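Residue-level structure breakdown
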Amino acid sequence: MQDPNLKYLAALNNIFLYRPGIAKRVIEETGSAEAALKIVTDNPSQFGIKRSHSLSLKELLQNSGEEINWAIDKGIKIISYNHPQYPETLLECSDHPILLYCRGEMNLNQRKIISVVGTRRATSQGLINCEKIIEETANLTPDAVIVSGMAYGIDIAAHKAALKNKLETTAILATGLKEIYPVAHNKYASKIASKGALISEYPFIKEGFKYNFLRRNRIIAGICDVIIIVESAEKGGAIITAKLANSYSREVYALPGRVTDPMSSGCNRLISKNMAPPIHIYSRIT
């Protein structure tokens, strides 16, 4: 049965997509998503919304209704932050989304969730090491779920290795589920959804902005019990994700490499700064 509050939550999600904390606060203060939406639409400037950019309550509900109908038609679940299926680990993070759009089965509670991330410019050795790590994970923790971002390089290698080793895998996307990015990975999306899930916080009408990819990292970091950085330069999304995971008190591991390897410099730096133990202490994450 569809949650009657869902259309109001979807509307609030569209308004406060980058500020979910405000939506949650107003819902708590007013007692319901319906009441929160009415207050926001009646007083947009109070919430930092320019009147020229605001929509009427009728327009917002029409848009959210279309979104929900689209999701139902495509077999996509919209899961609110107060739904029992919402990942418990993510609820521990103050900046968690109020809605998650899920294609597949979001089976992330009561499981070992391991995020595996790294550079898009992965080396051949990095790809081999990623597969070895996940193969060992499958042997030691066969009920683990491998989470990554379905990007080029280490991310897609992690998903492919999970599928190969019969592990569930979940992709956290930086775009809505209407259009998969990168397009080249469309061929893997259905396989991932059939053995896990594709998850996004973004509505189906949302464009894929560069900033969304950085925001997506907080979900990859927050949703897991453990995160492994396979390869990374000193700066990049994987290092940001590692720092976020540290701030969420997650276990962070990094695969060390030679000091002359640019794509190992980020991992080596995490290890040298005591932000992540080296991955050879692997038994600790089983």
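This paragraph deals with the overall build of the protein chain. Each helix and strand counted, the protein chain has 11 helices and 8 strands in total. The C-alpha atoms of the protein chain give 19 Å as radius of gyration, which agrees with the globular expectation for 286 residues (19 Å, within 12%). Its C-alpha atoms give the protein chain principal-axis dimensions of roughly 60 × 35 × 30 Å. Buried residues in the protein chain amount to 52% of all 286 residues. Nonlocal contacts in the protein chain, meaning residues at least 24 apart in sequence, comprise 72% of its contacts between residues at least 6 apart. Here the protein chain has roughly 13500 Å² of accessible surface; of this, 51% comes from carbon and sulfur atoms.

Aromatic ring pairs are reported here in terms of the distance separating the ring centres and the angle at which the planes meet. Applying the stated rule across the entire model yields 5 aromatic pairs. Look at Phe-16 and Phe-47: their rings are 6.2 Å apart centre to centre, the planes differ by 70°, and that puts the pair in the edge-to-face class. With a gap of 31 residues between them, Phe-16 in the loop between α1 (6-15) and α2 (20-30) and Phe-47 in the loop between α3 (33-42) and α4 (57-74) connect regions that are remote in the sequence. Owing to a relative accessible area of 2%, Phe-16 belongs among the buried residues under this scheme. By relative accessible area, Phe-47 is classed as buried at 8%. Look at Tyr-18 and Tyr-202: their rings are 6.5 Å apart centre to centre, the planes differ by 50°, and that puts the pair in the tilted class. Of the two residues, Tyr-18 is situated in the loop between α1 and α2 and Tyr-202 in the loop between β6 (196-200) and α9 (210-222); the sequence distance between them amounts to 184 residues. Under the relative-accessibility criterion, Tyr-18 is labelled partly exposed at 30%.

Moving on to the sheet that holds β6. Read from one edge of the open sheet, 8 strands run β1-β2-β6-β5-β4-β3-β7-β8, paired in mixed fashion. For this open sheet the edge positions go to β1 (77-80) and β8 (251-254), each flanked by a neighbour on one side alone. Averaged over all pairs of adjacent strands, the angle between strand axes in this sheet comes to 25°, irrespective of strand direction. Note: strand β4 (residues 145-148) against strand β5 (residues 168-172), 4 bridges, orientation parallel. When the sheet's bridge partners are listed, Val-145 is paired in β5 with Glu-168. Running over the sheet, α1 touches β1 and β2 (99-104) and is turned about 110° from β2.

Turning our eyes to something else, we now look at the packing of α1 against α3. For the pair α1 and α3, the least separation of the axes is 8 Å and the interaxial angle reads 40°. Judged by the angle between their axes, α1 and α3 are oblique. Every pair of crossing elements has a handedness; the one defined by α1 and α3 is left-handed. Contacts between α1 and α3 involve Tyr-8, Leu-9, Ala-11, Leu-12 and Ile-15 from the former and Ala-33, Glu-34, Ala-36, Leu-37 and Val-40 from the latter. Here the residues of the contact of α1 with α3 are counted per class, giving 9 nonpolar, no polar and 1 charged.

Rules of the game
- Residues numbered from 1 in each chain as written.
- Predicted model: local features only at pLDDT ≥ 70, side-chain atom pairs only at ≥ 80, totals over all residues.
- Heavy atoms only, no water.
- Helix = DSSP H or I, 4+ residues; strand = E, 2+ residues; numbered from the N terminus.
- Rg over C-alpha atoms; globule rule 2.2 N^0.38 Å.
- Buried < 20%, exposed > 50% of the residue type's maximum accessible area, 1.4 Å probe, protein only.
- Contact = heavy atoms within 4.5 Å.
- Areas by Shrake-Rupley, 256 points an atom, 1.4 Å probe, with all protein chains shown as cover.
- Phe/Tyr/Trp six-rings, centres within 6.5 Å; stacked < 30°, edge-to-face > 60°.
- Pairing = 2+ DSSP bridges.
- Axes fitted to C-alpha atoms, helices over the stretch in contact; angles between N-to-C directions.
- Parallel < 35°, antiparallel > 145°, perpendicular 65-115°, else oblique.
- Left-handed = near helix turned anticlockwise from the far one by under 90°.
- Nonpolar A, V, L, I, M, F, W, Y, C, P; charged D, E, K, R; others polar.

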